[in-house]
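Remarks on the overall topology
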Amino acid sequence: MERQARPWIIWMAAVVAVLGLVAGPKAAFSAEPYKIGGVFSITGSSSFLGDPEKKSLEMAVGEINAQGGIDGRPVEAVIYDTEGDPTKAVLAVNKLISKDNVLAIIGPSLTPTTLAVMPIVERVQVPLISCAAGIQIVEPVKPYVFKTAQSDVLAVAAIYKHMQKHGIKKIGILTVTNAFGVSGRDQLVKQAPDYGIQIVKEEAYGAADTDMTAQLTKIKGENPDAVVCWGTNPGPAVVAKNMRQLGFGVPLYQSHGVASPKFVELAGEAAEGIRLPTGKILVADLLPDADPQKAVLKKYITDFNQRYGGGVSGFGGYAYDAMHMLAKAMKGTGGDKAKIRDNLEKIANHVGISGIFTMTPKDHNGLGADAFVMVEIRNGTWKLLD
Amino acid sequence: MSEFLQFVLTGITTGAIYGLIALGFNVLYNATDLINFAQGEFVMLGGLGFYTLGTVLGWPAAAAFAAAVGIVSLLGLLLERVALRPVKKPEPLTLIIITVGASIFLRGVAMRLWGKDPYSVAGLTASTEPVRIGGAALMPQSLWIVGIVVAFMTGLHLFGKRTLTGKAMEACAIHRNAAWILGIPSDRMVLLAFALSAGLGAVGGVIIAPITMCSYDMGTMLGLKGFCAAMLGGLGSHWGAALGGVLLGVLESLGVGYFSSGIKDAVAFLVLLGILIVRPAGLLGAAAVKRF
């Protein structure tokens with residue numbers, strides 16, 4: 001019997017030795033990293049959002065660690081892919097909370113995925129900074145949910161401010177019948193009276209529609225001072241072309257949804273003279289030197305392009321801003337989630353990529369209408385408007 | 001009045017596109033009794049192919065047009081050979097479901113090849129100055145579309161009625177075995193029908209791309225609208241396809257103009273439902289029923 005028991009004892013010893021090896025070095029580190037989570041739609045149809053967000057988060061973590069981390073402890077990001085699917089987003093967030101024990105979560109990239117995970121973080125009280133645009137995320141305010149992307153509210157405000165300054169009073173609106181267009185339409189209708197603007201005709205089009213002359217003919221019949229189109233490519237380019245075709249010469253305002261060189265390419269000649277609101281990153285070079293965001297933007301653009309070989313966009317900025325604000329909020333908390341949340345709410349004048357953030361208990365987005373600038377397309381490129 | 005004219009002209013342009021796609025459905029239906037739900041995808045491939053050859057590689061428009069249509073026709077052949085021919089029991093329902101699968105597959109491949117962004121394509125004539133007709137404005141490309149559709153329609157009609165090959169194709173549709181006994185190479189006729197219908201789809205894609213821009217997912221809706229047009233006009237009738245397409249386009253445009261812009265896509269499917277209930281053979285499709 002004694003002889004048979006021996007191998008078993010050897011195995012035990014081996015297991016203990018292995019456990020010791022694994023546990024040993026860990027205990028030797030005095031500064032254990034702060035773990036934070038990232039959930040983005042890195043692959044799938046909205047990878048154009050999630051991919052730069054993931055890269056920007058990694059870049060921000062690198063910057064923070066290079067400066068000695070937070071209170072001497074390094075930051076470690078655990079990042080999962082949601083593929084733009086709310087179910088996968090919920091699974092990823094649960095995993096981050098229960099398995100990875102993260103202190104805070106950055107993401108998800110989309111409004112539907114964010115809405116799906118909000119009840120979870122509220123229940124377990126983990127701060128979440130979403131990178132999605134939907135206003136429903138922070139309105140009404142939920143204690144543990146913040147967001148960094150500019151919402152439609154501010155884009156509409158930027159357009160209306162510009163119209164008010166230039167004496168435009170009667171407008172026609174043409175919006176796409178999907179979540180983006182409907183949300184834009186609601187804001188256009190809701191904010192119009194505040195700026196003394198009257199919507200004389202309200203039309204819509206389907207995302208796959210190929211001709212909007214019928215809608216534009218109706219709008220033209222009401223003689224508006226300007227037209228606002230709210231959609232993402234390619235619809236707005238068709239609208240621009242159709243307006244040319246009809247000889248409908250009033251100013252055309254587009255949403256920030258088409259603020260990319262792709263739109264100029266699609267609309268071609270018809271893009272000339274179109275006005276739209278955009279985050280400052282698109283026009284970083286054109287900004288006056290006095291603009292506080294200029295230096296931050298230029299550094300971000302250079303670093304991103306250097307590290308990833310190009311492909312910089314405004315979307316990555318959402319995660320970049322989130323990480324840097326989170327780092328500020330984590331200072332001196334020792335990893336207490338409630339304290340991190342309280343500090344996030346106190347962030348003031350944080351100069352980021354998407355704008356200058358000042359959070360309050362009533363505003364968990366923290367951006368003002370100055371997060372957007374108005375630009376006009378001239379000779380195929382952007383020109384700042386005042 | 002000029003408003004009404006604008007709605008009608010807009011409707012005719014879109015309708016001509018629907019008609020051309022409906023024609024693709026018809027050609028195949030006439031030869032094989034099949035509805036090919038990948039028809040819309042051939043339209044998309046035609047448009048994107050034209051973009052790659054003409055805009056990216058810089059081929060002259062005519063060469064790019066011909067090559068894009070040729071390549072898509074070959075794809076049509078391939079679809080028949082690879083996906084449909086090997087089916088053991090070629091029940092119509094099985095085959096139709098295979099075409100649905102093919103459409104999803106083609107869309108996926110196009111998404112990998114061209115990405116999700118839409119592309120803009122230059123028109124067949126350089127001018128972008130609109131043509132004015134009695135207070136309404138039309139793009140020069142719209143005239144091209146209507147002209148090309150009418151030309152193809154006439155050509156197909158003559159092909160079907162005046163040539164031996166055209167008649168042989170119809171004979172195959174009526175009874176494939178009987179046609180085979182009479183010495184008609186029915187296999188080859190079916191192949192020809194696939195190539196022809198895929199090519200027609202591609203022509204549609206090329207001529208509408210300058211107006212609608214093209215992207216990997218443009219085919220689905222166009223295919224469905226073309227199918228509605230074919231049903232409305234009467235499956236199998238070429239003139240029916242033209243009539244159905246234009247009628248559908250004008251109804252949509254008037255629906256948007258006088259009712260609400262939200263109603264546009266609903267119009268097509270309401271019309272389809274209506275026609276299936278009231279006159280299942282379609283407006284000009286009476287002959288198709290008598291055939292059996």
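An account of the accompanying structure is given in this report. A quick note: this is a predicted structure, and the numbers were derived from the prediction, not measured. Numbering of residues starts from 1 in each chain and follows the order in which that chain's sequence is written. Lettering of chains starts at A and numbering of ligands starts at 1, both following the order in which they are written. It should be noted that, the model being predicted, local features are given only for residues of pLDDT at least 70 and side-chain atom pairs only at 80 or more, the latter also being counted only at that level, while totals for whole chains, interfaces and linings use all residues.

A few words now on the interface of chain A and chain B. A pair of residues counts as a contact when their C-beta atoms, built from backbone coordinates, are separated by no more than 7 Å. Across the boundary between the two partners, chain A contributes 27 residues, which contact 26 residues of chain B. Under the DSSP-based scheme used, a helix requires at least four consecutive residues in state H or I and a strand at least two consecutive residues in state E, with every element numbered from the N terminus. Listing elements by their share of the side of chain A that touches chain B, those giving two or more residues are strand E7 (198–205), helix H7 (213–221), helix H8 (235–246) and helix H9 (261–267) of chain A. Taken together, the residues of the side of chain A that touches chain B break down into eight nonpolar, 12 polar and seven charged. Classes in brief: Ala, Val, Leu, Ile, Met, Phe, Trp, Tyr, Cys and Pro nonpolar; Asp, Glu, Lys and Arg charged; the others, Gly included, polar.

Residue and element names in this part refer to chain A. DSSP bridges decide pairing: two strands pair if at least two such bridges lie between them. The strand order E2-E1-E3-E4-E5 describes an open sheet built from five strands, whose pairing is parallel. With partners counted over all chains shown, the strands left at the sheet margins are strand E2 (75–81) and strand E5 (145–147), one partner each. Bridge count for strand E4 (residues 128–130) against E5 is three bridges, and the pairing is parallel. Bridge pairing links Ile129 to Phe146 in E5.

Residues and elements named next belong to chain A. Assignment of secondary structure puts Ser255 in the loop between strand E9 (252–254) and H9. The sequence separation of Ser255 and Asp303 amounts to 48 residues, and the corresponding C-alpha distance is 28 Å. Beyond its immediate sequence surroundings of up to four residues, Ser255 is in contact with Ala155, Gly184, Trp230, Gly231 and Leu276.

Let's shift gears to the pairing of strand E14 (residues 381–384) of chain A. Residue and element names in this part refer to chain A. Here four bridges tie strand E13 (residues 372–378) to E14, and the two strands are oriented antiparallel to one another. Bridge pairing in E14 links Val375 to Leu384. In sequence, E13 turns back onto E14 through a hairpin of two residues, with Asn379 there showing a positive phi of about 50 degrees.

Residues and elements named next belong to chain A. Burial analysis of strand E8 (residues 226–230) places five of its five residues in the buried class, the great majority of the element. A residue is called partly exposed when the number of other C-beta atoms within 10 Å of its own lies between 12 and 20, exposed at 12 or fewer, and buried at 20 or more, with C-beta atoms placed from the backbone. Here E8 shows no split at all, with Ala226, Val228 and Trp230 on one side and Val227 and Cys229 on the other all buried. Bridge count between strand E6 (residues 170–176) and E8: five bridges; the pairing is parallel. Bridge assignment links Ile171 to a residue of E8, and that residue is Ala226. Sheet topology note: the E8/E9 ladder contains three bridges and is parallel. Residue pairing across strands places Cys229 opposite Gln254, the latter belonging to E9. Following the chain from E8 across H8 to the adjacent parallel E9, one finds a crossover that is right-handed. The definition of a right-handed crossover adopted here requires that, viewed with the strands pointing away, the path from the first strand over the helix to the second runs clockwise.

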